[in-house]
Structures are given as structure tokens and as C-alpha cells.
Amino acid sequence: MSTQRRISFPTQELIDAVGPIPENLKAVLWDLENDPETPLEDIDIAILPYMANPQTLENVRKAPNVKVVQTQTTGFDGMIDLIGDRADINTAAGVHAAATAEMALGLAIASLRGFPQSVRDQQQGRWNPQQWPGLADRTVGLVGVGGIGEEIRKRLEPFEVNLLRFGSTARTDEHGEIFATSELAARAPEIEVLILIVPLNDSTRHLVDAQLLAKLPDGATVINVARGPVVDTDAIVAEVASGRLNMASDVFDPEPLPAGHPLWQHPNALVIPHNGGNTKAFFPRMVKLLKKQVQAWAAGNDGENLVHRS
């Protein structure tokens, strides 16, 4: 009986890029939509497609003997419910950090310097100079101090902001004080730019609700590069529609944002279609991670970014 374990890749491009794998692993093609080139019961390790819809991801359950599931995303919300205890989950933490941090800073600069308005003015051939808040000297609340949060912090340094960081617990690190997320409401009246980069779980779902938004100062900007449900959609729509707050977001609840949704209509809402990690840096970084993962799995180890269920 062969001891070779089957590892499924969602694309041939990824198989080719990862290259030769250890002899006790065999690469097979399975995109979770079409039948794989090997019986489903033979697949031991499944690499999921990037940004697949939930219905496609549910097909991983059809492989009854999968023991490891590798995502191509940093977040793994919903994956524990999907996989249960039948398999380990490894994420792509770190792969998207630089790109998502770029997006957060890009959204902040675009919104606070009026780029969307300038695009609209350009389309109409209108020269329309205005004074915008800018990022320098603003008080920024950064909610989330993990890998991507740290990349955002580093990129904020040259912009001369007053930075307030919030994590799950209050503590101090080499960069200064971190406030507990439970203190966010108390500090909200100071926060002119709120950047969200927390995982989606029971404690962060609707973390930014109507009560918190009401405490932000007039003209504040909410930037979400986390997950859509971290913000209460109805609450942010009400604040944006009133003109009191601005929003610049890469993620939404629901996704895709439906045609005709009110957030499309308001000039103080900047809508990006979940492009945070989707840059040309993604594929080579994902390949680099997978090269390490297959070596670890071949040796019987867990690999990087194993999700530890609480």
C-alpha cells in the first residue's frame, strides 16, 4: 500500500510554481468545483482557492479523509464551522500583510485628501481646489495589532499622526501603549481616523455599531480592511447618508455590495471591491509559503500558521 499522500492544488499554475514536492506527497489538481483527477477519498491535504465563494468552499467536505486545509487568505472566519475537528486549518497569515497595509494607507490618504472628489471633478473638466483634512496631525485609532496591524503602524510613522492602538487586551510593547478594545468607545471622541484590521469573530462582529459611530467626532473617517461585518452596515449607512462621517472601505456586509446599495451613492463613501491583498505580490508570496508548507507536511509537521482552536 502506498504511503504517498495526495495534496490538492486549486490551479495548475500553483502546482507548477511550487515545483517538485517531496516524494511522499503527490500534487493533484482540484479547484473544488470540478472533479479532481484522483478519487476524493484519496485527498489528504487541500489547498483552497483564493477568494472562492462560500458555496465552493463547502465542497471541501466532499473529501472525507482531508486532514489539513490550507487557505490562501489571512482570515479564517467560517472555516472552523466548515471543517470542524476533522482537519487542521493553516492560513496564509503574512502573505497579504504588506498589500493590505498599503490598502489601509491608500484609503486613508485618498479619503482625507479628497481624491474621489478630484476624480469626479476631472470627469466633468472642473478645476475645484479645496482644503481637505489630510493625514498629518490627525488622531488615528488603529484597531488590531497583529501582523497586518503592525505593518499599518509602520507605514503610518512617516505621516506624523497621533496614533492610538487597540488590541484584545491592554498592554505595552516596544512601540508604546496598546489600549484594550473595550476602551474604544471611551476614546472614540478623539479619533478622527478609525482603521479596522481585526479578525471576524463573536467579539468583533458589529464592533463598530451605531453607539460607537455616534461617539466619533464630526468629519471622522472609518476605514475597514478587516471584514465587512466588523461594522454594522445599517449604522454606517445612516452616518454616511447624513454627511456626518466618511467611510473608505475594502470590505462590506454583504459582499459583493449589491447594485443600488446606498453606499454606492454617497460622495463621502469610497468603495473598493475587496482588493486588499490582491496585488501582484500575492502569488509569489503564496508560493514561497507553500514551498515551506509542503516540506513541513512531508516531514509530518504542522506547517506555519496553524489555527489554534480555543
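For the structure, check the block above.
Because the structure is predicted, anything quoted here is derived from the model rather than measured.

Draft legend 1. Broad picture of the sheet that holds strand S11 (residues 221-224). The 8 strands lie next to each other as S8-S9-S7-S6-S10-S11-S12-S13, forming an open sheet whose pairing is mixed. The open sheet terminates on both sides in strands that have one partner only, identified here as strand S8 (171-173) and strand S13 (269-271). Averaged over all pairs of adjacent strands, the angle between their axes in this sheet comes to 20°, without regard to strand direction.

Draft legend 2. Inspection of the sheet that holds strand S1 (residues 5-9) at higher detail. Overall, parallel pairing links the 5 strands, which are arranged S2-S1-S3-S4-S5 in an open sheet. For this open sheet the edge positions go to strand S2 (25-29) and strand S5 (88-90), each flanked by a neighbour on one side alone. Adjacent strand axes in the sheet meet at a mean angle of 25° when their direction is disregarded. Summarising the sheet, S1 and S2 pair through 5 bridges and their orientation is parallel. Each residue of the ladder has a partner; that of Arg6, found in S2, is Lys26. In the packing of helix H10 (residues 282-298) onto the sheet, the strands contacted are S1, S2, strand S3 (43-47), strand S4 (68-70) and S5, and the crossing angle to S4 comes to about 170°.

Draft legend 3. Broad picture of the pairing of S3. The buried fraction of S3 is high, at 5 of 5 residues. Sheet topology places S1 next to S3; 3 bridges connect them, and they run parallel. Looking across to S3, one finds that Ser8 is bridged to Ala46. Where S3 and S4 come together, 3 bridges link them in parallel fashion. Bridge pairing in S4 links Ile47 to Gln70.

Draft legend 4. Just the nonpolar core, in detail. Counting residues in hydrophobic clusters, the biggest one holds 32 residues, and the most contacted among them are Val143, Leu184, Leu194, Leu196, Leu213, Leu216 and Met247. For this core, the secondary-structure elements that each account for two or more residues are strand S7 (162-167), strand S10 (193-196), helix H8 (210-215), helix H9 (233-242) and S13. No other element matches H9, which puts 4 residues into this core. Contacts of Leu196, omitting those with residues within four sequence positions, involve Val143, Val208, Val222, Ile223, Asn224, Val225, Ala226, Val230 and Val231. The next biggest cluster of nonpolar side chains, apart from the first, holds 23 residues, and it includes Leu105, Leu112, Val140 and Ile148.

Draft legend 5. Highlighting helix H4 (residues 97-112). Between its first and last C-alpha atoms H4 spans 23 Å; for 16 residues at 1.5 Å apiece the expected length is 22 Å, and the two agree. The buried fraction of H4 is high, at 13 of 16 residues.

Draft legend 6. Geometry of the packing of H4 against helix H6 (residues 147-156). Contact pair H4 / H6: the axes reach a minimum separation of 8 Å and the direction vectors enclose 50°. Overall, the two elements H4 and H6 adopt an arrangement that is oblique. Here the hand of the crossing between H4 and H6 comes out right-handed. Residues Ala97, Ala98, Thr100, Ala101, Glu102, Ala104 and Leu105 of H4 form the contact with H6, whose participating residues are Ile148, Glu151, Ile152, Arg155 and Leu156. Its residues assigned to classes, the contact of H4 with H6 shows 8 nonpolar, 1 polar and 3 charged.

Draft legend 7. Seen up close, the environment of Leu212. One can find Leu212 in helix H8. Of the residues examined, Leu212 reaches a relative accessible area of 6% and is grouped as buried. In the structure, Leu212 is positioned 24 residues away from Ala188 in sequence and 7.1 Å away in space, judged by C-alpha atoms. In contact with Leu212, not counting residues within four places along its chain, are Leu184, Ala185, Ala188 and Leu207.

Draft legend 8. Looking closely at the pattern of salt bridges. Counted by the stated rule, this structure contains 12 salt bridges. A salt bridge links Asp121 to Arg126; the nearest nitrogen and oxygen atoms lie 2.6 Å apart. Taking the shortest distance from any N to any O, the salt bridge between Arg244 and Glu239 comes out at 2.9 Å. Among the ionic contacts, a cluster of salt bridges with common partners joins Glu150, Arg153 and Glu157.

Draft legend 9. A look at the packing of aromatic side chains. Following the criterion strictly, the structure yields 2 aromatic pairs and no others. Centroid distance Phe166 to Phe179: 5.6 Å. Interplanar angle 35°. Geometry classified as tilted. Of this pair, Phe166 sits in strand S7 while Phe179 sits in strand S9 (residues 176-180), and the two are 13 residues apart along the sequence. For the pair formed by Phe166 and Phe179, the shared burial category is buried.

Draft legend 10. How the structure looks around unusual backbone geometry. The residue after Asp253, namely Pro254, is reached through a cis peptide bond having omega 10°. Here Pro254 lies in the loop between strand S12 (246-249) and S13. Residue Glu255 is joined to Pro256 through a cis peptide bond whose omega torsion reads -10°. Relative to the elements of secondary structure, Pro256 occurs in the loop between S12 and S13. A positive phi angle, close to 50°, is found at His274, a residue other than glycine.

Criteria and cut-off values
- Residues numbered from 1 in each chain as written.
- Predicted model: local features only at pLDDT ≥ 70, side-chain atom pairs only at ≥ 80, totals over all residues.
- Heavy atoms only, no water.
- Pairing = 2+ DSSP bridges.
- Helix = DSSP H or I, 4+ residues; strand = E, 2+ residues; numbered from the N terminus.
- Axes fitted to C-alpha atoms, helices over the stretch in contact; angles between N-to-C directions.
- Contact = heavy atoms within 4.5 Å.
- Buried < 20%, exposed > 50% of the residue type's maximum accessible area, 1.4 Å probe, protein only.
- Core = buried A, V, L, I, M, F, W, Y, C linked by side-chain atoms within 4.5 Å.
- Expected span 1.5 Å × (residues − 1).
- Parallel < 35°, antiparallel > 145°, perpendicular 65-115°, else oblique.
- Left-handed = near helix turned anticlockwise from the far one by under 90°.
- Nonpolar A, V, L, I, M, F, W, Y, C, P; charged D, E, K, R; others polar.
- Salt bridge = Lys/Arg side-chain N within 4 Å of Asp/Glu carboxyl O.
- Phe/Tyr/Trp six-rings, centres within 6.5 Å; stacked < 30°, edge-to-face > 60°.

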